[in-house]
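Report on the structure
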Amino acid sequence: MTVSLERPLPKPALTKKGMAVLPDSATMPRKLWTWDECRQLMDLGLLEESSRYELLEGEIVDKMWFNEPHVYVTSRIHRALLAIFGFDHVRVAAPVALAPRNAPEPDVAVMTRAAEEYLYIGTPPPSDVRLAVEVADATLSSDRAIKGFRYSEAGIPEYWIVNIPQRQLELFRQPAPDGYAEWQTVAEDGLVSPLAAPEAQIAVADLLPLASAKGAS
Amino acid sequence: MAQTMERPVTQPPMQTLPPIILPDSAAMPRKQWTRAECKKLIECGLLEETGWELIEGEIIRKMGQGRRRIFVCMRIIKALAAVFGFDFLQSQSSLPVNDINEPEPDAVVLAETLEHYLDVEPGPEDVRLLVEVSDSTLRTDQTVKMRLYARGGVPEYWIVNIRELVLEVYRQPSPEGYTEKIIIGKDGSITPPAASQAQIKVGDLLP
């Protein structure tokens, strides 16, 4: 069962330099970093627990996914996708080098290359991503529009948001410079097929926590 | 000239207080840095020496000065120098408050002359009066920085509000912020408590 979303991920307002502005960085502009600088920070040991963070619009943002529903849903998505694409082609919470100041870490991503190739070529470019999936809980809504826009701009063919509070999957396709041109929501009782494996089917309910666990965090 | 200095009696216990939340950092927390890490970043060439402040662990880029702000800053320096003496002032210099806070106030009146601070950086306990010039930064100067300076025990904080052309005077620091706020228009004048004989015309501080 599919229902149209009222509107797609809107294009965020961009500065003259083409950057989106994260919440309140307009009045308190944070120091901006590049992905190259972030790798230097990791080498210097200045970005401890670097998996906690992702580079979004030049800012080193705490992913804040230390809540059980998020961890649980991420591992369910991982399981569903590796059943289809194989262990070597699914990455969890790993960066994609979208642009000098953007290296978001999709919660789960399906890649064209096998995992070990990135040991040699380094952080994957967006052209290697076949499907990016983000888990959305109540606290993680403000960055969704910006990430979705960046994934679309970079040409990632498909983007899913597994929306825990609304118990649905939001699906975006047809990447364009202004954001994904096609979108739909798939309700909890629906099935979804990745573009990269149209014959496969995933039940949205299999990705979500049991409804009775809704209030846990 | 300089009056007798009045240090705050006690420093509020910073560690036990809840953090000051920067606007929207609750919803999208950024990487937190310490002053020591910032020093290392500078050494490694990953952070410029100037042009930023460390506020509650976040590296905040300073807004461009603009001719109006430069003009107002110099007027403030001139007015404060007439009361306290030029040697007691510092401008646009970092003021370490604690491990995760190093703001750069627009003007500060220190307890001792600058010569005393050649080897030791002055902290909030050395400050008699702190002044920020606010236009686009007004909201954060009134909230985040106000609480930060109050917690640091800075006895008096002025916001030269060049958006509304008033002087905001904050007194009586407490861990929650200043408990006294006075707004003075451009025709008024102010007596800094650190110099009880002196009067500064607010008009002399504004553009």
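About the criteria used
Residues numbered from 1 in each chain as written. Chains lettered and ligands numbered in written order. Predicted model: local features only at pLDDT ≥ 70, side-chain atom pairs only at ≥ 80, totals over all residues. Heavy atoms only, no water. 1 Å grid on protein atoms, 1.4 Å probe; cavity = no way out; pocket = protein on both sides within 12 Å on 5 of 7 lines; lining within 4 Å. Points joined across faces, edges and corners; volume = space filled by probe spheres on them. Helix = DSSP H or I, 4+ residues; strand = E, 2+ residues; numbered from the N terminus. Polar contact = N/O pair within 3.5 Å; in protein donor to acceptor, adjacent residues only side chain to side chain. Contact = heavy atoms within 4.5 Å. Pairing = 2+ DSSP bridges. Axes fitted to C-alpha atoms, helices over the stretch in contact; angles between N-to-C directions. Phe/Tyr/Trp six-rings, centres within 6.5 Å; stacked < 30°, edge-to-face > 60°. Lys NZ or Arg CZ within 6 Å of the ring centre and 35° of its normal. Buried < 20%, exposed > 50% of the residue type's maximum accessible area, 1.4 Å probe, protein only. Core = buried A, V, L, I, M, F, W, Y, C linked by side-chain atoms within 4.5 Å.

All names here are of chain B. Applying the stated rule across the entire model yields 4 cavities of 30 Å³ or more. A volume near 200 Å³ is recorded for the largest cavity. What lines the largest cavity is a set of 19 residues, among which Glu53, Lys62, Met63, Thr137 and Lys145 lie closest to the centre. Elements with a contribution of two residues or more to the lining of the largest cavity: β1 (52–55), β2 (58–61), β5 (127–134) and α3 (138–142).

The subject of this paragraph is the side chain of Asn101 of chain B. Residue and element names in this part refer to chain B. Relative to the elements of secondary structure, Asn101 occurs in the loop between β3 (89–90) and β4 (107–110). There is a polar contact of 2.6 Å between the side chain of Asn101 and the backbone nitrogen of Glu56. Not counting the four nearest positions on each side in its chain, Asn101 is found in contact with Arg35, Leu54, Ile55, Glu56, Leu95, Pro96 and Leu148.

Residue and element names in this part refer to chain B. The strand order β3-β4-β5-β6-β7-β8 describes an open sheet built from 6 strands, whose pairing is mixed. With partners counted over all chains shown, the strands left at the sheet margins are β3 and β8 (177–184), one partner each. The pairing of β4 with β5 spans 4 bridges and is classified as antiparallel. In the strand pairing of β5, Ala107 is matched with Val131. In the packing of helix α2 (residues 66–84) onto the sheet, the strands contacted are β3, β4, β5 and β6 (156–161), and the crossing angle to β5 comes to about 160°. Contacts from helix α4 (residues 144–152) reach β5, β6, β7 (166–174) and β8, with the element oriented near 120° to β8.

Now for the packing of aromatic side chains. Residues and elements named next belong to chain A. Scanning all chains against the criterion turns up 9 aromatic pairs over all chains. Site record: aromatic cluster; members linked through ring pairs are Tyr151, Tyr159, Phe172 and Tyr180. In this structure, Lys31 packs its charged tip against the face of Trp33, placed 4.7 Å from the ring centre. Directly above the ring of Tyr118 sits Arg91, whose terminal nitrogen or CZ lies 4.9 Å from the centroid.

What follows is about the environment of Gly123 of chain B. Residues and elements named next belong to chain B. One can find Gly123 in the loop between β4 and β5. Residue class for Gly123 comes out buried when judged on its relative accessible area of 6%. Separated by 31 residues in sequence, Gly123 and Val154 place their C-alpha atoms 9.3 Å apart.

Ranked by size, the top nonpolar core spans 29 residues in total, and within it Ile76, Leu80, Trp158 and Val160 of chain B carry the most contacts. Those elements giving two or more residues to this core turn out to be α2, β4, β5, β6 and β7 of chain B. Those residues in contact with Trp158 of chain B that sit more than four places away from it in its chain are Leu80, Leu129, Leu130, Val131, Glu132, Leu167, Glu168, Val169, Ile190, Pro192, Ile200 and Leu205 of chain B. If you look at the next biggest cluster of nonpolar residues, it comprises 24 residues, including Val135, Leu169, Leu207 and Leu208 of chain A.

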